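# Results of the structural survey
In case you want the letters, here they are:
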Amino acid sequence: MPAQIIDGIAIAESVRNQVAAETQSLIAETGIVPHLAAVLVGNDPASEVYVRNKERACLKAGLKSTLHRLDAATPQAELLALVDALNRDTTIHGILVQLPLPKHLDSTQILDAIVPTKDVDAFHPENTGLMLQGRPRFLPCTPAGVMKMLHVSNIATAGRHAVVIGRSDIVGKPMAALLVQKGVDATVTICHSRTADIGSICRTADILIAAVGIPEFVKGHMVKPGAVVIDVGINRVNERLVGDVDYAAASAVASAITPVPGGVGPMTIAMLLQNTLTSARLS
Ligand code: NAD
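This structure is a prediction, so every number in the text was calculated from the model and none was measured.

## A closer look at helix α10 (residues 264–282)
In this model α10 runs 27 Å from its N-terminal to its C-terminal C-alpha over 19 residues, within 8% of the 27 Å that 1.5 Å per residue would give. Buried positions along α10 lie against α1 (8–30), β2 (35–41), α2 (45–60), β4 (94–97), α6 (141–152) and β8 (228–231).

## Comments concerning the sheet that holds strand β7 (residues 207–210)
Strand pairs in the sheet, formed through backbone hydrogen bonds, run parallel or antiparallel to each other. Here we have six strands laid out as an open sheet, ordered β1-β11-β8-β7-β5-β6, and parallel in their pairing. Strand pairing shows two members of the sheet lacking a second neighbour, β1 (4–5) and β6 (187–191), which therefore form its edges. In this sheet, strand β11 (residues 256–257) lies alongside β1 in parallel orientation, the contact comprising two bridges. Across the sheet, the residue bridging to Ile5 is Ile257, located in β11. Sheet strands touched by helix α7 (residues 172–179): β5 (161–165), β6 and β7. Its angle to β5, the strand with the most contacts, is close to 170°.

## A closer look at the site of the ligand
Taken together, 22 residues form the shell around the ligand, and within it Arg167, Ser168, Val232, Ile234 and Thr268 come nearest. Contact between the ligand and Ser168: an oxygen atom at 2.5 Å from a side-chain N or O atom of the residue. Between the ligand and the protein, one listed contact pairs an oxygen atom with a backbone N or O atom of Ile234 at 3.1 Å. Against a free-state accessible area of 850 Å², the protein chains account for coverage of 71% of the ligand. Looking at which element gives the most residues to the shell around the ligand, the answer is α10, with three residues.

## Considering the environment of Ala61
Within the secondary structure layout, Ala61 lies in the loop between α2 and β3 (64–70). If near-sequence neighbours (up to four positions away) are discounted, Ala61 is found in contact with Arg16, Ala20, Thr23 and Leu273.

## Section: the packing of α1 against α6
The contact between α1 and α6 brings their axes to 11 Å, and the two run at 100°. Relative to α6, the element α1 is oriented roughly perpendicular. Taking contact as the criterion, the partners of Gly8, Ile11 and Val15 in α1 are, on α6, Lys148, Met149 and Val152. Taken together, the residues of the contact of α1 with α6 sort by class into four nonpolar, one polar and one charged.

## Topic: the sheet that holds β2
Spatially, β3-β2-β4 is the arrangement adopted by the three strands of the open sheet, whose pairing is parallel. Bordering the open sheet on either side are β3 and β4, each of which pairs with just one other strand. Direction aside, the axes of adjacent strands within the sheet are offset by 15° on average.

## Quick notes on the pattern of salt bridges
Any two side chains of opposite charge can pair, on the condition that their charged atoms come close. Here the structure, examined in full by the defined rule, presents six salt bridges. Note that Glu48 and Arg69 form a salt bridge whose closest N and O atoms lie 2.8 Å from each other. Here Glu48 is found in helix α2, whereas its partner Arg69 is found in strand β3, with 21 residues between them in sequence.

## Regarding α1
In this model α1 runs 32 Å from its N-terminal to its C-terminal C-alpha over 23 residues, within 8% of the 33 Å that 1.5 Å per residue would give. Every buried residue of α1 is listed here: Gly8, Ile11, Ala12, Val15, Val19, Ala20, Thr23 and Leu26. Looking at the buried positions of α1, the neighbouring elements they touch are α6 and α10. Measuring from the backbone nitrogen of Ile9 back to the side-chain oxygen at the start of α1 gives 3.0 Å, which picks out Asp7 as the cap. A positive backbone phi angle near 80° is found at Gly31, which sits one or two residues after α1.

Reading guide: rules and limits
Residues numbered from 1 in each chain as written. Predicted model: local features only at pLDDT ≥ 70, side-chain atom pairs only at ≥ 80, totals over all residues. Heavy atoms only, no water. Helix = DSSP H or I, 4+ residues; strand = E, 2+ residues; numbered from the N terminus. Expected span 1.5 Å × (residues − 1). Contact = heavy atoms within 4.5 Å. Pairing = 2+ DSSP bridges. Axes fitted to C-alpha atoms, helices over the stretch in contact; angles between N-to-C directions. Near = heavy atom within 4 Å. Polar contact = N/O pair within 3.5 Å; in protein donor to acceptor, adjacent residues only side chain to side chain. Areas by Shrake-Rupley, 256 points an atom, 1.4 Å probe, with all protein chains shown as cover. Parallel < 35°, antiparallel > 145°, perpendicular 65-115°, else oblique. Nonpolar A, V, L, I, M, F, W, Y, C, P; charged D, E, K, R; others polar. Salt bridge = Lys/Arg side-chain N within 4 Å of Asp/Glu carboxyl O. Buried < 20%, exposed > 50% of the residue type's maximum accessible area, 1.4 Å probe, protein only.

Encoded structure:
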């Protein structure tokens, strides 16, 4: 039987619709309009597209969005001063600094400067700690999007073996942390660039999550028959978007799979809107 396709476009749309309805209620009850401030330094083409999509999604869901564009040569102190001003502005509920930043800037210092209550990307160590302890303020958008997809698709996690390929602070590590929480109850293995015999570990996964950044890294023979495969990867190959999973081969073996595009990608923005709404409520 061919794998069930987990439709990120449809699931993300339902999340955005829910956020839009709850935003309307919040505005009606309190007059507070959730407001996301995005900061784009330089003009990396992929970042331009991401920021534009985030702005559009905000407006469509009834949230306010403001874009601060800075020159690629902006010094660290100037960017820190902008973050500080946004931290103090009580009409702003979410601050997003689009990554990657130009090489001369210290991303860690910039992200740490965002006040944790407006850190809707959930990259601040305080929010990471709260998530790890199972009492999150915000969840990091991409892993939260994956959790939502698993939940909506009725994919059981308790007692099942989840293998996450990738250990980045943005995807791999928080993904593993969410899967191991009480209530989710997966048994989790994290694989990375120094993992030995990765194929045989992947073949033991009931849920296999690829966040590697290498086109079609996961081959069909790395997938256990009947496994659920979540492809976080977004790679540009000859102007085409390709995931971290060989989709044709893996979907012949898996029970369910996310496509690229149209899988995890749309979920990330939907969860960002959700976090901005949560922040406005907490304010
Ligand atoms: P990253 O480069 O920070 O991390 C990649 C991870 O893969 C590293 O931890 C590394 O240890 C591991 N890795 C690299 N080579 C490996 C190998 N040969 N074997 C096993 N592991 C290996 O990337 P990231 O930010 O975590 O992103 C991963 C992918 O997800 C990228 O394709 C990125 O574009 C995509 N992404 C998608 C979304 C989305 O919204 N869908 C969001 C963020 C990232």
